Amino acid sequence: MQALTAGQIAELTGGSLWLGSSSHGLVNAIVIDSRNILSPVNSLFVALKGAKFDGHEFIEEVYQQGLRCFLVSPSFDRSPYSEGTFVVVEDTHKALQDLAAYQRKLFLGPLIAITGSNGKTIVKEWLGQVLGLHFSVAKSPKSYNSQVGVPLSVFGIEQHHQVAIMEAGISKVGEMANLEKILQPQLGVFTNIGTAHEEGFGSEMQKLEEKMSLFANCSFIIYRKDQQRVAGLFEKQCSAERLISWSDSPGADFTFTVKKESGRSKILMMRSDLSVYTFWVPFVDEASLENIRHVITAALSLGMENAAVQKGLDHLKAVDMRLTLKPGINQCLLIDDTYNNDLAGLKLALDFMAAQRPKNRKILILSDLLQVGEKERVYEEIGQLCSYYQIDYLIGVGNEIHMVQKTFNGSTLFFSGTKELVSQLESDFFNNDLVLITGARSFGFEEIVIRLQQRVHGTTLEINLNALTHNYNFYKSKLKADTRVMVMVKAFAYGGGAAEIANHLQQLKADYLAVAYTDEGISLREEGINLPVMVLNPVQESFLHMVKNNLEPVVYSAAFFRQLGIYCQQNEHRLKIHLDLDTGMHRLGFEESEIEGLINLLHEFPQLEVASIYTHLAGADEEIHGEYTLHQLEQFTKMAKDITRTLDYKPIIHALNSAGISRYPNHQFDMVRLGIGLYGVEVSGIYEGKLKPVSTLKTTISQIKYLSKGQTIGYSRKGIMEKDGKIATIAIGYADGFDRRFSNGIGYVMVNGKQAKVIGNVCMDMTMVDVSDIEAKQGDEVIIYGPEISLKDLSQRIGTIPYELLTNISSRVKRVYYLD
Ligand SMILES: *Cc1c(COP(=O)(O)O)cnc(C)c1O
């Protein structure tokens, strides 16, 4: 960004300036995250206050790193930081936006803003690729479209850029006006408006008007005329010469007729001057086809030639923009960012890499960047990033990437192309490493990913880490500021994969983890997790491991207490323990009559320190058990007091599970134990719709068969064709965790957006589904459950609960983690 003095920053934000004793130079970078500071001397730290965090709390840490210029709120105590220069403003969010608006004004090229309910990120990425063939393009990284993401995106616009493409998203009324002030777009693209009710908006019309306000001062607005409410509103509010519309039917500026052929589509375009042109695109699904027509319209409106646009389309794919983490060969962990190709995206991927649990080496496989413009400077910066993020090994592909050596002196290996890399690099080069793979599309890095990943085909469980964060923060928002959170990661983190989820929770600063068995705790330690871990069900044989791995057992009986106490006494160990009190669950735990004996034991064995005391509720999810639950909580309060009264220290007191947090927020005590809610299932029903689904279980179609009426399907010939039709055999069975009770029409899966019922019995590794009325072919993706199929509904169909479906997924199913 354009360099500024502290004085200018104060002036632009209307803040007051407090100069520190260290003479302060120019600021040319803005940071909001203490983990993310490349060059402290030139950076301004903006302390943002969010619902769950407060940037002011990190100033100490940032100051230690050598940063000296800060934007803070009036209540912040600056006195310990005598060298620091402070700009003090009422609202740091607004100040950040003011700075962005100023930077925006310095950019003279056209700025294209994209908004709408769906497709913003894809339209932005695709348009960026098409325009990128001719121009140097700045675009917002990933889906940075929020009140904070938009300003940060604007700071990424550099002098050599010729066009900027930014997306804007909002969650409540009034926000778009801020984004408009920052972006001041000349060209707007409105992707579409969803029908789903979005929280934060009174009505659909209000949502639409709010989104449209981004374009209040645009010279041109692109929209789809077939979206009647969108078209109606634009055509009423804006003069005709500002509007550029496209449609399936005549009457718009661009009329597109789509013909789908096997795997690709032909788009016949007619302009209002009756000139025609035919585009080809490599996909057939409706969402991509809508997005691409926005892209074509925008590129042509910016003056590109038909043939040049087609050239850009040739390279497109239905991209997976997500950053994914997957198991690799030789115990490696792969971060797949195959389709990323710019500096901003690379930074995000390196950040994600830095957040993973430690492995042997950090290896980065990176291609040439195909950004137009100052090559040398870009590679220098990449080299600096590699040093900063402590990359051990850089494997470069292309003719230019070696330029990073100027600023990076770690180990390097260079290949002229992807083929060379794949044929020359032996797979035993990789061993227990963390490997980030990121490169320009034309390098075809998918091939490297295929080579390095474990288990390429079959069924995958995808875990959305952003959704996990959302759910964690949702429960946090129901808690008092000082209530701690223990997260249950027992049973492989409810099937999601203990190590990665525990690592993510460590990033989120959860306070405690809990597992069922000592073995689960040991493997968390082996994976580098260092949060305190409570073990629900320890056994005597595991005492040594417990001590060695710093795990904290639950003690639920006097006999067990004595065994553990004697063991620690004899071996001169101290151990933290957790006391389980039985107030009505009748599973494990001390009953009221045993409390006195327990107190005596506590004094007999002082080497066992009570870290916490808890009880477990038997019916927190259902209102009908309200009286019982309140009685449990009351009894627990009394029993816990009887114990703590005799101790000269203060254990953590806790009772609530996920449903308990929703239903009994007044009984948080010192900590809660979050389980199923984190994984996206709201069992109490009170906050239905507030959580985000975390996991998607997917497989593929192995074969399609055409059968005639009366033919039978599968074992015991239970499935019968009721009419002529076709079935798909999918690569999942009960051994993967697809319950056999889904047989014979009880269960269904989603194939290309449509429900397909199970036909016949579920087999061990395969299942047949009826796709008579669905367009489907071998290799197509099949969703077993995910955002569009609710786990609650599925589990009810076979008389069980979501917990069982989640935890039944076999370990042979590959887990993939992603950020969207
Ligand atoms: C599993 C478990 C929890 C979490 O329960 P959810 O219903 O998944 O929130 C809490 N406490 C104990 C003791 C548990 O065993």
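Please read all numbers here as calculations on a predicted model, not as lab measurements.

A.B. asks: When you look at the overall build of the protein in this model, what are you seeing that I'm missing?
C.D. replies: Along its length, the protein carries 25 helices and 38 strands. Compactness check: the protein gives a C-alpha radius of gyration of 29 Å against a globular reference of 28 Å for 820 residues, within 12% of the reference. If one aligns the C-alpha atoms of the protein with their principal axes, the spans along those axes are about 90 × 90 × 60 Å. Per-residue burial for the protein yields a buried fraction of 55% across its 820 residues. Excluding contacts between residues fewer than 6 apart, the proportion of contacts in the protein whose partners are at least 24 apart in sequence is 66%. In the structure as shown, the protein presents an accessible area of about 35,200 Å², 49% of it carried by carbon and sulfur atoms. With 80 positive and 94 negative side-chain charges, the protein shows a spacing of 4 Å between the two charge centroids.

A.B. asks: Whenever I open this one, the nonpolar core confuses me. Can you help?
C.D. replies: Here is a general trend for soluble globular proteins: nonpolar side chains tend to be buried in one another's company. With 142 residues, the main nonpolar core has Ile382, Val487, Val489, Leu513, Phe561, Leu579 and Tyr679 as its most contacted residues. Discounting residues that sit within four places of it in the chain, Val487 has contacts with Tyr472, Leu505, Ala510, Tyr512, Leu513, Ala514, Leu674, Leu678 and Tyr679. Core analysis: the second largest hydrophobic core is formed by 50 residues, Ala10, Cys69, Ala138 and Ile193 among them.

A.B. asks: What is the right way to read the pattern of salt bridges from this model?
C.D. replies: Opposite charge on two side chains allows them to pair when their charged atoms are near. As enumerated under the stated definition, the model contains 37 salt bridges in all. Across the pair Glu400 and Lys375 runs a salt bridge whose closest N-O atoms are separated by 3.5 Å. With Glu400 in the loop between strand S18 (393-397) and strand S19 (411-415) and Lys375 in helix H12 (residues 375-388), the pair connects residues that are 25 residues apart, well separated along the chain. The closest approach of N and O atoms between Arg797 and Asp793, which form a salt bridge, is 3.5 Å.

A.B. asks: Which parts of the structure should I look at to understand the UniProt feature "binding site: substrate" (unreviewed entry) in the protein?
C.D. replies: Here, UniProt's "binding site: substrate" (unreviewed entry) annotation points to Arg587 and Met764. Across 178 residues, the annotated set is spatially dispersed, with a maximum C-alpha separation of 33.5 Å. Here, the second largest pocket is lined by Arg587 out of the annotated residues. Within the secondary structure, Arg587 is located in the loop between strand S26 (575-581) and helix H21 (595-604). Leave out the neighbours within four places in its chain, and Arg587 touches Asp582 and His616. Summarising the element assignment, Met764 is placed in the loop between strand S35 (754-757) and strand S36 (767-770). Overall, the relative accessible area of 45% leaves Met764 in the partly exposed class. Beyond its immediate chain neighbours, meaning those up to four positions away, Met764 contacts Gly733, Tyr734, Ala735, Asp736 and Arg812.

The rules we used
Residue positions are given per chain, counted from 1 along the sequence in the order it is written. The predicted origin of the model limits local features to residues at a pLDDT of at least 70 and limits the giving and counting of side-chain atom pairs to 80 or more, whereas totals for whole chains, interfaces and linings rest on all residues. Neither water nor hydrogens contribute to the side-chain values; these are computed over all heavy atoms in the structure. Numbering of helices and strands starts at the N terminus; helices are DSSP runs of H or I of at least 4 residues and strands are runs of E of at least 2. All radius of gyration figures rest on C-alpha atoms, and the globule criterion is 2.2 Å times the number of residues raised to 0.38. Exposure categories follow from relative accessible area, calculated using a 1.4 Å probe and restricted to protein chains: below 20% of the type maximum is buried, above 50% is exposed, and the middle band is partly exposed. In this description, contact between two residues means that some pair of their heavy atoms is separated by no more than 4.5 Å. Areas reported as accessible are Shrake-Rupley estimates using a 1.4 Å probe. Residue values count occlusion only from the protein chains shown. The convention is simple: Lys and Arg are positive, Asp and Glu are negative, and His and the chain ends are not counted. Throughout, a charge is located at the NZ atom of Lys, the CZ atom of Arg, the CG atom of Asp or the CD atom of Glu. Take the buried Ala, Val, Leu, Ile, Met, Phe, Trp, Tyr and Cys residues and link them wherever side-chain atoms come within 4.5 Å; each set so joined is a nonpolar core. A pair is scored as a salt bridge if a Lys or Arg side-chain nitrogen falls within 4 Å of a carboxyl oxygen belonging to Asp or Glu. UniProt positions are given in the numbering used here, feature names are shortened, and annotations may be inferred rather than shown by experiment. A pocket, in this scheme, is an open set of points on a 1 Å grid over the protein atoms alone with protein on both sides within 12 Å along at least 5 of 7 lines, while a cavity is a set where a 1.4 Å probe fits but cannot get out; residues line either one if an atom lies within 4 Å of a point.

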